[in-house]
Amino acid sequence: MPELSTILALGVGTSLESTFSTAVGAAWSSYSRVPAEKLKYTPDQEFIPRPVQRNTLVTHPGVVGGKGGTVTFETEAGMGLATAATNTVAAVAHAWLSALLRGAGLAEPLGTGTTTTATTHTTTSITVTLATNIAVGTFVGLLNGSSVMELAMVTAKSGSVLTLAPALTFTPSSAGGATVFSSASYAQTETDPGTVTLIGVYDGGEYAFTGCKGVAPKLTGLTARGRPMFEWSFSVDSWSTTTRSGTIPTLGSTVGQLALTGRF
């Protein structure tokens, strides 16, 4: 039997499990590759003693019980959206990241970008063409004129007027027409989004980890010359040896660009 704790690659179902602890699909087309590092599976399987006596004057050794365990790994925290939320375009997160965050119990509001109107703006208040799909508590971004994106949280909304914090370092032009990028945001929710299926690939086979529920990832590496990373931990309800049909997905262009190389 292969060493369960050795996983060389990881996939996650792009949709949450419709039935608890039932894999979302038998083909790799239902999964997205996770650009994971430090992959480890800590297996667990219960043993239930049954000390009943037999006629041979020995007791029953017991039975094997339920499976479980924990899958842990890290990913870079510097990736952006798969589709940028520019004017009239809805934000699209990377499939693997969206699934993991929702599987960690977080809601996923997806905003739609817009533009500024022709009116007077300030560094903390802007008026936009359409604010319907920009929620309070989410982030927006504007270019400051030198191709540098500045991000601010929408702390209040009144009609098409957005209140921002922290303040921008510039005042948007009163001519209007500047793109106001929206975002994908994640927050705790009272309604549990559900569980995910993880596929662990080892040398010679695969494991299907079903009924996986995570906790919000821990953000580390936020130091000078650090490398920001998400640390993930998912509890597993059950596992089985399996083989997905098709080919494991490629990683795609999901490698982050963020590295804190200067001084604070």
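As shown above, the structure is provided for reference.
What counts, and at which threshold
Residues numbered from 1 in each chain as written. Predicted model: local features only at pLDDT ≥ 70, side-chain atom pairs only at ≥ 80, totals over all residues. Heavy atoms only, no water. Salt bridge = Lys/Arg side-chain N within 4 Å of Asp/Glu carboxyl O. Helix = DSSP H or I, 4+ residues; strand = E, 2+ residues; numbered from the N terminus. Buried < 20%, exposed > 50% of the residue type's maximum accessible area, 1.4 Å probe, protein only. Contact = heavy atoms within 4.5 Å. Pairing = 2+ DSSP bridges. Axes fitted to C-alpha atoms, helices over the stretch in contact; angles between N-to-C directions.

So, about the pattern of salt bridges. What the rule picks out here adds up to five salt bridges. Lysine 213 serves as the salt-bridge partner of aspartate 192, at 2.7 Å between the closest nitrogen and oxygen. With aspartate 192 in the loop between β12 (187–188) and β13 (196–202) and lysine 213 in strand β14 (residues 205–214), this pair connects stretches of sequence that are 21 residues apart. The exposure class assigned to lysine 213 is partly exposed, which follows from its relative accessible area of 22%. Salt bridges sharing common partners tie together Glu37, Glu76 and Arg227.

Moving on: the environment of threonine 70. Along the chain, threonine 70 falls in strand β4 (residues 63–76). Look at threonine 70 and you get partly exposed, because its relative accessible area is 25%. With 163 residues separating them along the chain, threonine 70 and serine 233 place their C-alpha atoms 6.8 Å apart. Filtering out sequence-adjacent residues up to four positions away, threonine 70 remains in contact with Lys40, Tyr41, Thr42, Ser233, Phe234 and Val236.

Of all five residues in strand β1 (residues 9–13), five are buried; the element is thus mostly enclosed. Of the two faces of β1, the one carrying Ala9, Gly11 and Gly13 and the one carrying Leu10 and Val12 are both buried.

This brings us to unusual backbone geometry. Among all residues except glycine, the phi angle is most often negative; among peptide bonds, the trans geometry is most common. Following alanine 165, the chain continues into proline 166 via a peptide bond in cis, with omega recorded as -5°. Considering the arrangement of structural elements, one finds proline 166 in the loop between β10 (161–165) and β11 (179–180). Of note in the backbone geometry, lysine 38 takes a positive phi value of approximately 55° without being a glycine. A residue is classified by how much of its surface remains accessible, and lysine 38, at 63% relative accessible area, is exposed.

Of all nine residues in helix α1 (residues 95–103), eight are buried, a share of seventy percent or more. Every buried residue of α1 is accounted for by Trp96, Leu97, Ser98, Ala99, Leu100, Leu101, Arg102 and Gly103. After α1 finishes, the residue glycine 105 shows a positive phi value of roughly 90°.

Another point: the sheet that holds strand β8 (residues 139–143). Spatially, four strands are ordered β7-β10-β9-β8 in an open sheet, and the strand pairing comes out antiparallel. The two strands at the open ends of the sheet, each matched to only one other strand, are β7 (125–127) and β8. Here the strands of the sheet are splayed against their neighbours by 45° on average, with no regard to which way each runs.

This part is about the environment of threonine 241. Along the polypeptide, threonine 241 turns up in strand β17 (residues 238–242). Note: C-alpha distance between threonine 241 and glutamate 206 (35 residues apart in sequence) is 5.9 Å. When near neighbours in sequence (up to four residues on either side) are disregarded, threonine 241 contacts Glu206 and Tyr207.

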